[in-house]
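Coordinates in review
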Amino acid sequence: MSPQRSGPQAAVIQHLNFIRGEWIPSSGGARYSIRNPARPEDCLGDFADSTEVDAAAAVDAAAAAAQAWADTPGPHRGAVLFRFSQLLEDSKNELARVVTLEQGKALGEAVGEVVRAAAEARFMAGEASRGAGHTFPSDRPGTSCYTVSEPLGVVAAICPWNFPVVTPVRKIAPALAFGNAVVFKPSSLTPWSAVYLMQLLAKAGLPAGVVNLVTGRGSVVGDSLVRDPRVRGVTFTGSTEVGTHIYEQAARRLSRVQLELGGKNPAVVIDHADLDGAAREIVAAAFLCSGQRCTAISRVIVSDGQADMLVERIVSHVDRIKVGDGLDPETTMGPLVSEGQLRSVDRYVRQGVESGCALLAGGHALAENPARQGYYYAPTIFDRVPADSPLATEEIFGPVLPIVRVRDLEEGITIANSTRYGLAAAVFTSRLSYVHEFISRVQAGMIHVNHGTASQAHVPFGGVKDSGQGAYSIGPTAREFYTNAKAIYVRW
Ligand code: NAP
């Protein structure tokens, strides 16, 4: 179900925008409600349905706070982030519950997301104290040459719904570490986690106006932020379609952009000694978050010689997935985030069935009436999928795993590279020469050898082709997006 825009409702918690350190309603007073994807009849709260005026007010606040924050010594900025990181750890159970309620993922996964966000914030807290410039030998006597890095000023952070805590933290923490002020626009589906993050940042001692939250539609709030000339950097995570639109808009005023976009991440399995281990890693990477992860393994490419044995093991691991309400401790896979996502996944599945792909598991929604009983979809596996079928080339963003059979590594690499995306890729093989062949020839921002497509909290993260644009986030490369270099010549 999409967020519902409506008039006032009784007994519904009302959340506001966070601008200049204050909680304020949208200028027009409009609100919208969000619902629990596991029980869509349960309304979780009302949020500001903001306008261009609210977006501009948030940029005003950020612009006013930016210089003082940039002038705050790096170690002091880092201290605020260390406190924020600790607050995330301390509130991990409560915040994870919010994530599960609004996004649907299993509670254990949600706790993992918050802990991961704390680790990324901690890394960035340290970055605030690290030097970033270079010194250069001068070609003139008595002159020094060096560079320093300076913040961009105001940065807009526009986020999707699948990781409502870690993605915002991945943007806000480096922005703050390097001295920028932020306007944050969360997905319309997951604004509650965003409100919670603002509360923690305020509690950590962040000065008013340095971070601002504006909830509401991407086409209204997001678009205004991207077009505002005072916003010097736009960091966006979401679909390739919206990312491309943002890139075009930002280019008109030469704003810097960082785009983290879709993926169709292959796992190539060939001459591998541990097929059970490969199947376990593949199933975890494919079905965590109900397959709604940009780095989810979303196609398996396996050699004919090992295909039957691998497929049998994948099916057996998938059979053990327990689909249910994310708050139920037995659940290992929650519902999809919305009715729209459920319908979109089901369309791909129907197409796959009609085109004659072999359906080995799932293939249907699990509730008779998802709009009442929850957006549950059975973990789905298709075998013998043609490499050019939409199942094998398009981002489905759901619990659907197509298997493509190939002759050899050469064909496997060709097919791995045959989509528009280039985010993550995995290879499972016991042959060292295949490992290196794969690493050097596969077009992806992140390569995983003999394990699933899980990233770590301090290692650069990003994609190539239609999966991304601009500096990689996480770890030391984050600085490239959030700072400008200034070259200095001093005659003494
Ligand atoms: P989306 O539809 O592209 O939305 C992402 C964000 O952009 C939301 O906050 C959305 O607001 C906003 N938005 C929509 N239209 C806009 C516009 N015209 N101008 C500015 N902002 C606008 O993506 P999603 O459905 O939330 O997330 C799923 C997608 O994210 C998938 O494609 C997935 O692969 C990608 N993703 C990529 C990564 C990565 O690191 N590469 C990580 C996670 C997800 P509303 O919610 O109000 O529409």
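Refer to the preceding data block for the structure.
In short, a report on the structure. Here the structure is a predicted model, which is why all the values come from computation and not from measurement.

In a structure, side chains of opposite charge can pair up when their charged atoms sit close to one another. By the definition in use, this model includes 24 salt bridges. In this structure, the salt-bridge partner of Glu-120 is Arg-170, at a minimum N-O distance of 2.7 Å. Taken as a pair, Glu-120 in helix 4 (residues 107-127) and Arg-170 in helix 5 (residues 166-177) lie far apart in primary sequence, 50 residues in all. We classify Glu-120 as buried; its relative accessible area is 4%. Among the ionic pairs, Asp-228 bridges to Arg-230, the shortest N-O distance being 2.9 Å. In this structure Asp-228 comes out as buried when scored by relative accessible area, which is 11%. Relative accessible area serves as the criterion here: at 33%, Arg-230 is assigned to the partly exposed category.

The next point concerns unusual backbone geometry. Phi at Asn-450 takes a positive value of approximately 60 degrees, unusual for a residue other than glycine. Note that Asn-450 resides in the loop between strand 20 (446-449) and strand 21 (464-465). Take Asn-450: its relative accessible area is 35%, and that puts it in the partly exposed class. Of note in this structure, Ile-474 is not a glycine but carries a positive phi near 65 degrees. A residue is classified by how much of its surface remains accessible, and Ile-474, at 2% relative accessible area, is buried.

For helix 9 (residues 275-287), built from 13 residues, the straight-helix expectation of 18 Å at 1.5 Å per residue is met to within 8% by its first-to-last C-alpha distance of 18 Å. Among the residues making up helix 9, those that are buried are Leu-275, Gly-277, Ala-278, Ala-279, Ile-282, Val-283, Ala-285, Ala-286 and Phe-287. Buried residues along helix 9 sit in contact with strand 13 (265-269), strand 14 (297-303), helix 10 (304-319), strand 16 (380-383), strand 17 (400-406) and strand 19 (424-428). Just past helix 9, the residue Cys-289 takes up positive phi, approximately 55 degrees.

What counts and how
Along each chain, numbering runs from 1 in the same order as the chain's sequence is written. Totals for whole chains, interfaces and linings use all residues, but because this is a predicted model, local features are given only for residues with pLDDT of at least 70 and pairs of side-chain atoms are given and counted only at 80 or more. Hydrogens and water molecules were not included; the side-chain quantities draw on all heavy atoms of the structure. Should a side-chain nitrogen of Lys or Arg be within 4 Å of a carboxyl oxygen of Asp or Glu, the pair is scored as a salt bridge. Secondary structure follows DSSP: runs of H or I at least 4 residues long count as helices, runs of E at least 2 residues long count as strands, and numbering of each begins at the N terminus. To sort residues, take the accessible area from a 1.4 Å probe on protein chains only and compare it with the maximum for the residue type: under 20% means buried, over 50% means exposed, and anything in between is partly exposed. By this rule the span expected of a helix is its residue count minus one, scaled by 1.5 Å. We call two residues in contact when some of their heavy atoms are within 4.5 Å.

Read these as layout, nothing more, since geometry by itself doesn't imply function.
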